[in-house]
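If you want the building blocks of each chain, they are given just below.
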Amino acid sequence: GVNVVQLETAVGAAMKCFDNASGINVPRSRFLPVKKTSDLLLVMSNLYTLDHGSLMMSPKRMFPSTPLVKLGENNFKNVSAFLSRFGSIPDLLELDHITVSGDVTFGRGVSLRGTVIIIANHGDRIDIPAGAILENKIVSGNLRILDH
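Cut-offs applied
Residues numbered from 1 in each chain as written. Predicted model: local features only at pLDDT ≥ 70, side-chain atom pairs only at ≥ 80, totals over all residues. Heavy atoms only, no water. Helix = DSSP H or I, 4+ residues; strand = E, 2+ residues; numbered from the N terminus. Rg over C-alpha atoms; globule rule 2.2 N^0.38 Å. Buried < 20%, exposed > 50% of the residue type's maximum accessible area, 1.4 Å probe, protein only. Areas by Shrake-Rupley, 256 points an atom, 1.4 Å probe, with all protein chains shown as cover. Lys, Arg positive; Asp, Glu negative; His and termini not counted. Charge placed at Lys NZ, Arg CZ, Asp CG, Glu CD. Contact = heavy atoms within 4.5 Å. Pairing = 2+ DSSP bridges. Axes fitted to C-alpha atoms, helices over the stretch in contact; angles between N-to-C directions. Phe/Tyr/Trp six-rings, centres within 6.5 Å; stacked < 30°, edge-to-face > 60°. Lys NZ or Arg CZ within 6 Å of the ring centre and 35° of its normal. Core = buried A, V, L, I, M, F, W, Y, C linked by side-chain atoms within 4.5 Å. Salt bridge = Lys/Arg side-chain N within 4 Å of Asp/Glu carboxyl O.

What to know about the overall build of the chain
Line of reasoning, step 1. When you go through the chain residue by residue, the secondary structure sums to four helices and eight strands.
Line of reasoning, step 2. Taking 2.2 N^0.38 as the reference for a compact globule, 148 residues should give roughly 15 Å; the C-alpha atoms of the chain span a radius of gyration of 19 Å, well beyond that estimate.
Line of reasoning, step 3. Overall, the chain is about 65 × 35 × 25 Å in size when its C-alpha atoms are taken along their principal axes.
Line of reasoning, step 4. Looking at the chain as a whole, 31% of its 148 residues qualify as buried.
Line of reasoning, step 5. For the chain, the computed accessible surface area is about 10100 Å², with 53% contributed by carbon and sulfur atoms.
Line of reasoning, step 6. Counting 15 positive and 13 negative side-chain charges, the chain places the centres of these two groups 3 Å from one another.

Next comes the structure, spelled out in structure tokens:
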């Protein structure tokens, strides 16, 4: 095969690093950059399906755009912290926007729809229970549901 080097920098700056360099224009539909855990949530969700090695927007999504995802820096910044907060990645097919801040965890089989805002106050924790459906909801304060 052909050797390929990917540089995370501006195109002009990268081009000068190579003799006889050529550029190609890759449409946005051909790649999905994952720079933050909010991007990772989208890629891992049911919004996308794998079709012959390419991630494609699920035909089950009614809207062509991806949801706006804002995850708190303190609890969702790195991948291991992000993954530890999900029993499974929520259903996002009908989601428009989610904001999560503070110590929040999600049980298995959670579905998020419309606009969902979840804010755990400093020192508090919110556990979204398994199977919960949150549609156009604001959840704040402290919520813990414990098995007995």
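Brief notes about the environment of Pro-90
Line of reasoning, step 1. Inspection of the secondary structure puts Pro-90 in the loop between α4 (79–84) and β4 (95–101).
Line of reasoning, step 2. Taking relative accessible area as the criterion, Pro-90 reaches 1% and is therefore assigned buried.
Line of reasoning, step 3. Considering only alpha carbons, one finds Pro-90 and Val-110, 20 residues apart in sequence, at a separation of 4.8 Å.
Line of reasoning, step 4. Ignoring any residue separated from it by four or fewer positions in sequence, one finds Pro-90 in contact with Leu-41, Ser-45, Asn-46, Phe-106, Val-110 and Leu-112.

Considerations on the sheet that holds strand β6 (residues 111–120)
Line of reasoning, step 1. Strand order across the open sheet formed by four strands is β3-β4-β6-β8, with parallel pairing between neighbours. Both edges of this open sheet fall to β3 (68–71) and β8 (133–141), since each of them pairs with a single strand only. Pairwise comparison of adjacent strand axes, ignoring direction, gives a mean angle of 10° for this sheet.
Line of reasoning, step 2. Note that β4 and β6 share six bridges and pair parallel. Note on β6: the bridge partner recorded for Val-100 is Ile-118.

Points about the pairing of β6
Line of reasoning, step 1. Sheet topology places β6 next to β8; eight bridges connect them, and they run parallel. Its bridge partner being in β8, Ala-120 is matched across the sheet by Gly-141.

Digging into the packing of aromatic side chains
Line of reasoning, step 1. Under the definition given, this model contains three aromatic pairs.
Line of reasoning, step 2. Between Phe-86 and Phe-106, the aromatic rings sit 5.0 Å apart at their centres with planes inclined by 10°, giving stacked as the arrangement. Here Phe-86, found in the loop between α4 and β4, pairs with Phe-106, found in strand β5 (residues 103–106); they are 20 residues apart in sequence, far enough to count as distant.
Line of reasoning, step 3. An aromatic cluster is built from Phe-76, Phe-82, Phe-86 and Phe-106, whose rings are joined through pairwise contacts.
Line of reasoning, step 4. The ring of Phe-76 is capped by Arg-85, whose NZ or CZ atom sits 5.6 Å from the centre of that ring.

Topic: the nonpolar core
Line of reasoning, step 1. The biggest cluster of nonpolar side chains holds 27 residues, and the ones touching the most others in it are Ile-98, Val-104, Phe-106, Leu-112, Ile-118 and Ile-128.
Line of reasoning, step 2. Top contributing element to this core by residue count: β6, with four residues.

Some words on the pattern of salt bridges
Line of reasoning, step 1. One pass over the structure, following the stated rule, counts two salt bridges.
Line of reasoning, step 2. Note that Asp-103 is salt-bridged to Arg-85, the shortest N-O span being 2.8 Å. Of this pair, Asp-103 sits in strand β5 while Arg-85 sits in the loop between α4 and β4; the two residues are 18 residues apart in sequence, bridging distant segments of the chain.
Line of reasoning, step 3. For the salt bridge of Arg-125 with Asp-127, the shortest nitrogen-to-oxygen distance reads 2.7 Å.
Line of reasoning, step 4. Judged by relative accessible area, Asp-127 falls into the buried class, the value being 10%.

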